[in-house]
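# Observations on the model geometry
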Amino acid sequence: MSSQAVRSICVFCGSSPGALPDYIESAQALGGVLAQHGIGLVYGGASVGVMGALADAVLAAGGKAVGVIPRALWEREVAHTGLTELHVVESMHQRKSRMAELADGFIALPGGIGTMEELFEVWTWAQLGMHRKPCGLLDVAGYYEPLITFLDHMVQQQFLREPHRSFLLLDQDPQALVERFEHYSAPPVPQWIDRAQT
Ligand code: AMP
């Protein structure tokens, strides 16, 4: 299967800045890489935390940043008013489905439970064959090492199949991860899904 053009990538990340400067710096680096590659950013539309730093970096490098924010979070997450586009939606579910429609792939930077929830949903959809877009985790300063250890445990305990685990691309370097997205070929849809759909 040949790789598909990556025009936009949805990035999930914290609405907080985190404890280390590395988290904001990695968001800035990823933002610059996206702009250099002519890849638009889709994200949660906030101006705060890692989210805000990411969008600012994309815009400063001349790239395109599209935000999707629920009306109720407009004030709490301090909606970014300088974006290329800001979509205001009515619910968290609409936010996630709109971001998924607009993007050709998904990356998680460091973040909290919102970031985890968003990543695990799109990864689950990939496991079920509901989309064939790449999903990646950018591990900054070892933030995701405990999660990666837990994923190993899930495989060992046979709750996660190794092929499904490998759907999630792991990298520490934003440039390398984006290049892997550009050359990504989706693995075959699991046979049991094929059978269920026929
Ligand atoms: P956090 O990683 O917890 O800082 O959250 C990152 C972003 O995910 C924030 O914009 C949250 O509002 C958002 N978020 C949290 N839970 C959900 C959800 N269930 N659906 C959509 N976005 C969410």
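Below, the structure is looked at part by part.

Conventions we followed
Residues numbered from 1 in each chain as written. Predicted model: local features only at pLDDT ≥ 70, side-chain atom pairs only at ≥ 80, totals over all residues. Heavy atoms only, no water. Pairing = 2+ DSSP bridges. Helix = DSSP H or I, 4+ residues; strand = E, 2+ residues; numbered from the N terminus. Axes fitted to C-alpha atoms, helices over the stretch in contact; angles between N-to-C directions. Contact = heavy atoms within 4.5 Å. 1 Å grid on protein atoms, 1.4 Å probe; cavity = no way out; pocket = protein on both sides within 12 Å on 5 of 7 lines; lining within 4 Å. Points joined across faces, edges and corners; volume = space filled by probe spheres on them. Nonpolar A, V, L, I, M, F, W, Y, C, P; charged D, E, K, R; others polar. Buried < 20%, exposed > 50% of the residue type's maximum accessible area, 1.4 Å probe, protein only. Right-handed = clockwise from strand over helix to strand, strands pointing away.

Attention now moves to the sheet that holds strand S1 (residues 8–12). One open sheet holds the 7 strands; their spatial order is S4-S3-S2-S1-S5-S6-S7, and the pairing between them is parallel. Since the sheet does not close on itself, it has two edges, and those belong to strand S4 (85–89) and strand S7 (168–171), each with one partner. Across the sheet, the mean angle from the axis of one strand to that of its neighbour is 25°, orientation sign disregarded. Helix H4 (residues 113–127) rests against S1, strand S5 (106–108), strand S6 (135–138) and S7 of the sheet, and its axis sits at about 145° to S6.

Estimates place the volume of the largest pocket at around 330 Å³. Together, 20 residues line the largest pocket, and Glu77, Arg95, Gly114, Thr115 and Glu118 are the ones closest to its centre. Listed by contribution, the elements that provide at least two residues to the lining of the largest pocket are S1, helix H3 (92–102) and H4.

This paragraph deals with empty space enclosed by the protein. Counted by the stated rule, this structure contains 2 cavities of 30 Å³ or more. By volume, the second largest cavity amounts to about 40 Å³. Lining the second largest cavity we find Phe12, Lys96, Met99, Ala100, Phe106, Glu118, Glu121, Val122 and Trp125. Those elements giving two or more residues to the lining of the second largest cavity turn out to be H3 and H4. The dominant element in the lining of the second largest cavity, judged by the number of residues it contributes, is H4, at 4 residues. The residue makeup of the lining of the second largest cavity, split by class, is 6 nonpolar, no polar and 3 charged.

As a further point, take the pairing of strand S3 (residues 65–70). Among the 6 residues of S3, 6 are classified as buried, and the element is accordingly described as predominantly covered. Residues Ala65, Gly67 and Ile69 point to one face of S3 and Val66, Val68 and Pro70 to the other, with burial holding for every one of them. As paired elements, strand S2 (residues 40–43) and S3 share 3 bridges and run parallel to each other. By the bridge assignment, valine 42 is partnered in S3 with valine 66. Since S2 and S3 lie parallel, the crossover through helix H2 (residues 49–60) that links them has a hand, and here it is right-handed.

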